[in-house]
Amino acid sequence: MSAIESRKLVKEFDGLRAVDEVSFRVEEGEIFGFLGPNGAGKTTTTRMITGVIKPNSGTATIEGIDVVQNPTAAKEKIGIAPEEANAYLDLTARGNMNLAGEIYGVPGSQLRNKVDDLLAAFGLLDRSDSKVKGFSKGMKQRLILAMALINDPGILFLDEPTAGLDVESQRLIKDRIKELNEEGKTIFLTTHDIAEADRLCDRVAVINRGKIAAIDSPERLKTTIKSTQSVLVSFSSKNFQPEDLRVLEGVEEIEKEGDKWRLYGPEPGKIIEEVVNFARDEGGEILSLNTTGPSLEETFTHLTKNQN
Amino acid sequence: MHYPSSLRKSIAIARKDLRVYYGKGPVVIFGILLPFFFFFSFLIGRNMPPLSLISGLGGMAIWFTATSISPVIAPMETRTRTLERLVSMPISVSEMLMGDILASMAVGAVLSTIPISIIGAILNLNLVHFFPLALGIVMASFCFSAIGVLMSALPTDTPSDVMMLALLIKFPVVFVSGVFIPAGNLPGWGRLISRFSPLTYFVKLVRVSFGGTGQLWVNLGILALFAIFSLLLAVFVHKRTLPKRL
Ligand SMILES: Nc1ncnc2c1ncn2[C@@H]1O[C@H](COP(=O)(O)OP(=O)(O)O)[C@@H](O)[C@H]1O
Ligand SMILES: [Mg+2]
């Protein structure tokens, strides 16, 4: 039995398909990345799997429990850090934790220790009796994560847990995610950050415009991503022809963009070296030089093409 | 549904509501102080019989305090996105609403018992039926809280939208429920409408409890029916509108 299974989930908003027959399985103990650009349908999918909203069709199971049929039982198995959710600003950190603990049914005798441990793990123990009103964005997010762990769930759903946070909070959260996984928890991690998915995840599903484009190891996805990286260069004096640049080592494809040249290849660093040598040898001056990674949209479009 | 755990969840929600919402300025002013000033300004220059005074004030107090915050919890939680946090946890809509009702009910019961006791003592009235009155206060505050929660089913994230709706309902109800003018003295159409207001039965109950003429258990029974009906309706409507808030 898979820890999480999504079966042809569909969600429409005003006739638009935000999520279009999304299916995948997450095995126990995995960190499963759910990667896609903004608006791809990550949050909508996550909310359906966690029983927050109902799908138009399809279903999902958590440890075999059908989420649509039995949302409360499914929710008892999981911890959720929703993307757009807030703790109560007028309660203290501890007040928020206690509320979650009472709803999950954590026995009163254990609650205090549990809350202390979790607040300490997320660096909030010294602020446990302050109202959340005064917390930074990073602190609020850490509290949301701590609340998600109050029932010691086997499966965690984290929707963009590090987006827009300070570096310190980002690092702490990433470290915790790894630790929690080492303790045996299954983690479903939504992100639009390829590097984050690469660093943390065992497998990654790429979603674009509501459809799964690929499910693969980060390694394989990275290779695809690399081939869409490019160097953008412009020269001052000489008028080069595409043929002149095509011979450069590591360049796989060339495009002219106004007065600039875009050189595609898996290793932009190599290409830069080549371009510098080329300019010196041919007596041309480099006016500008940039490496650009692919936009997520480009990568995902690329992946979608490869699929079909 | 597992009842002890349902109750535990609802109580957790109720405690949260009391901590988060009942200290807020607008709630205290519009929900609690305003109706009292309103009532006393009506009194000035009038010679209200003691039984009318205590039943009117008691009715006014319980109606406004029990509906002071229950209508705005849902829109506030929608706006602050704490609702998303709540529905991510294993709690059903009815458990959540029951929590909101319990909180509002506690406030309504306490804040109506106080003025009823004070006025009763000042006017030196004799409380003939203590237990039925206590039961009536519990049932009426439950019923009115559920009505407040029902109003909050309007799927908006703007508390003032619901406040407006609530005011449009709350004030007319007071006028047809025998708070200022005994229901029996209303014109024919007024008397007809007053039968559909649960507040009418609470006002009568207070009057009878302090020795006035009327039927004790009939009024209690009708209040109970209104309470159950309001609860069921609130849960039914919220189940339909909740998805629009998420
Ligand atoms: N409640 C909603 N009402 C209408 N449209 C929505 C709603 N939630 C999401 N959408 C739309 O669905 C699409 C997917 O959104 P979302 O799942 O939030 O994407 P992601 O999390 O990948 O950024 C977007 O086009 C978004 O505008
Ligand atoms: Mg999202």
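All of these numbers come straight from a predicted model, not from anything done at the bench.

### A closer look at the overall build of chain A
Here is step 1: When helices and strands are counted, chain A shows eleven helices and 14 strands.
Here is step 2: Taking as baseline every contact in chain A between residues at least 6 positions apart, the subset at least 24 positions apart corresponds to 67%.
Here is step 3: Summed over its atoms, the accessible surface of chain A is roughly 14100 Å², and 45% of this surface lies on carbon and sulfur atoms.
Here is step 4: In chain A, the 39 positive side-chain charges and the 50 negative ones have mean positions that sit 4 Å from each other.

### What about the overall build of chain B?
Here is step 1: Looking only at helices and strands, chain B features eleven helices and zero strands.
Here is step 2: Ordered by position from the N terminus, the helices and strands of chain B form the series α-α-α-α-α-α-α-α-α-α-α.
Here is step 3: Against the 2.2 N^0.38 benchmark of 18 Å for 246 residues, chain B shows a C-alpha radius of gyration of 18 Å, consistent with a compact globule.
Here is step 4: Residue burial in chain B is summarised as follows: out of 246 residues, 56% are buried.
Here is step 5: Excluding contacts between residues fewer than 6 apart, the proportion of contacts in chain B whose partners are at least 24 apart in sequence is 82%.
Here is step 6: Surface summary for chain B: the accessible area is close to 10700 Å², and the carbon and sulfur share equals 73%.
Here is step 7: In chain B, which carries 19 positive and 7 negative side-chain charges, the distance between the mean positions of the two groups comes to 10 Å.

### Structural notes on unusual backbone geometry
Here is step 1: Of note in this structure, Asp 14 of chain A is not a glycine but carries a positive phi near 50°.
Here is step 2: Looking at the element boundaries, Asp 14 of chain A is found in the loop between β1 (4-13) and β2 (16-26).
Here is step 3: The phi angle at Asn 124 of chain B is positive, at roughly 55°, despite the residue not being glycine.
Here is step 4: When you line up the elements, Asn 124 of chain B lands in the loop between α6 (93-122) and α7 (130-151).
Here is step 5: Residue Asn 124 of chain B is classed as exposed on the basis of its relative accessible area, which comes to 68%.

### Considering helix α4 (residues 70-80) of chain B
For the α-helix, the turn length of 3.6 residues means that residues three or four positions removed from each other point alike.
Residue and element names in this part refer to chain B.
Here is step 1: Taking burial as the measure, the eleven residues of α4 include nine buried ones, the bulk of the element.
Here is step 2: Residues Ser 70, Pro 71, Val 72, Ile 73, Ala 74, Pro 75, Met 76, Glu 77 and Thr 78 constitute the buried set of α4.
Here is step 3: Arg 81 lies just past α4 and shows a positive phi near 60°.

### A look at the pattern of salt bridges
Pairs can form between side chains of opposite charge once their charged atoms are near each other.
Here is step 1: Scanning the entire structure with this criterion turns up 24 salt bridges over all chains.
Here is step 2: Residue Asp 20 of chain A pairs with Arg 17 of chain A through a salt bridge whose shortest N-O separation is 2.7 Å.
Here is step 3: Note on Asp 20 of chain A: relative accessible area 17%, which makes it buried.
Here is step 4: In this structure, the salt-bridge partner of Glu 84 of chain B is Arg 81 of chain B, at a minimum N-O distance of 3.4 Å.
Here is step 5: With relative accessibility at 5%, the residue Glu 84 of chain B sits in the buried group.

### Here's the deal with the coordination of the magnesium ion (ligand 2)
Reference values for angles at a metal are 109.5 degrees in the four-donor tetrahedral case and 90 or 180 degrees in the six-donor octahedral case.
Residue and element names in this part refer to chain A.
Here is step 1: Protein coordination of the magnesium ion (ligand 2) is provided by Thr 43 (OG1) and Glu 83 (OE), with donor distances spanning 2.0 to 2.4 Å. With Thr 43 in helix α1 (residues 42-49) and Glu 83 in the loop between β6 (78-81) and α3 (93-104), this pair connects stretches of sequence that are 40 residues apart.
Here is step 2: In this structure Glu 83 comes out as partly exposed when scored by relative accessible area, which is 33%.

### A look at the environment of Leu 289 of chain A
All names here are of chain A.
Here is step 1: Counting through the fold element by element, Leu 289 comes out in strand β14 (residues 286-292).
Here is step 2: The sequence separation of Leu 289 and Trp 261 amounts to 28 residues, and the corresponding C-alpha distance is 9.7 Å.
Here is step 3: Those residues in contact with Leu 289, other than ones at most four positions away along the chain, are Val 231, Leu 232, Val 233, Ile 272 and Val 275.

### Here we look at the domain arrangement of chain A
Put simply, an interface is often sized by how much accessible area is lost when its parts join up.
Here is step 1: In terms of domain boundaries, chain A breaks down into domain 1 (4-218) and domain 2 (230-292).
Here is step 2: Centre-to-centre, using C-alpha coordinates, domain 1 of chain A lies 44 Å away from domain 2 of chain A.

### Observations regarding the interface of chain A and chain B
Here is step 1: Taken together, the 24 residues of chain A in the interface contact 23 residues of chain B.
Here is step 2: Each partner contributes to the roughly 2400 Å² buried at the junction of chain A and chain B, and carbon and sulfur atoms together form 60% of this total.
Here is step 3: Broken down residue by residue, the surface that chain A buries against chain B is led by Tyr 88, Glu 102 and Ile 103 of chain A, which jointly contribute 29%.
Here is step 4: Taken together, the links from chain A to chain B amount to three salt bridges.
Here is step 5: Arg 15 of chain B is the salt-bridge partner of Glu 102 of chain A, the closest N and O atoms lying 3.4 Å from each other.
Here is step 6: For the interface between chain A and chain B, the tally reads ten residue pairs in polar contact (both at pLDDT 80 or more).
Here is step 7: Broken down by secondary-structure element, the contributors of at least two residues to the side of chain A that touches chain B are α2 (71-76), α3 and α5 (137-148) of chain A.
Here is step 8: The greatest single-element share of the side of chain A that touches chain B, amounting to five residues, is contributed by α3 of chain A.
Here is step 9: Looking at the side of chain A that touches chain B residue by residue, the classes come out as 15 nonpolar, three polar and six charged.

### Concerning the sheet that holds β2 of chain A
Residues and elements named next belong to chain A.
Here is step 1: Taking strand neighbours across the sheet as the criterion, the four strands line up as β2-β1-β4-β5 in an open arrangement whose pairing is antiparallel. Two strands bound the open sheet, and with one partner strand each, they are β2 and β5 (65-66).
Here is step 2: Contacting β1, β2 and β4 (57-62), α1 runs over the sheet at an angle of about 120° to β1.

Conventions used here
- Residues numbered from 1 in each chain as written.
- Chains lettered and ligands numbered in written order.
- Predicted model: local features only at pLDDT ≥ 70, side-chain atom pairs only at ≥ 80, totals over all residues.
- Heavy atoms only, no water.
- Helix = DSSP H or I, 4+ residues; strand = E, 2+ residues; numbered from the N terminus.
- Contact = heavy atoms within 4.5 Å.
- Areas by Shrake-Rupley, 256 points an atom, 1.4 Å probe, with all protein chains shown as cover.
- Lys, Arg positive; Asp, Glu negative; His and termini not counted.
- Charge placed at Lys NZ, Arg CZ, Asp CG, Glu CD.
- Rg over C-alpha atoms; globule rule 2.2 N^0.38 Å.
- Buried < 20%, exposed > 50% of the residue type's maximum accessible area, 1.4 Å probe, protein only.
- Salt bridge = Lys/Arg side-chain N within 4 Å of Asp/Glu carboxyl O.
- Donors = N, O, S within 2.8 Å, 3.2 Å for Na, K, Ca; no water.
- Domains from an automatic or database assignment.
- Buried area = accessible area lost by both parts, 1.4 Å probe.
- Polar contact = N/O pair within 3.5 Å; in protein donor to acceptor, adjacent residues only side chain to side chain.
- Nonpolar A, V, L, I, M, F, W, Y, C, P; charged D, E, K, R; others polar.
- Pairing = 2+ DSSP bridges.
- Axes fitted to C-alpha atoms, helices over the stretch in contact; angles between N-to-C directions.

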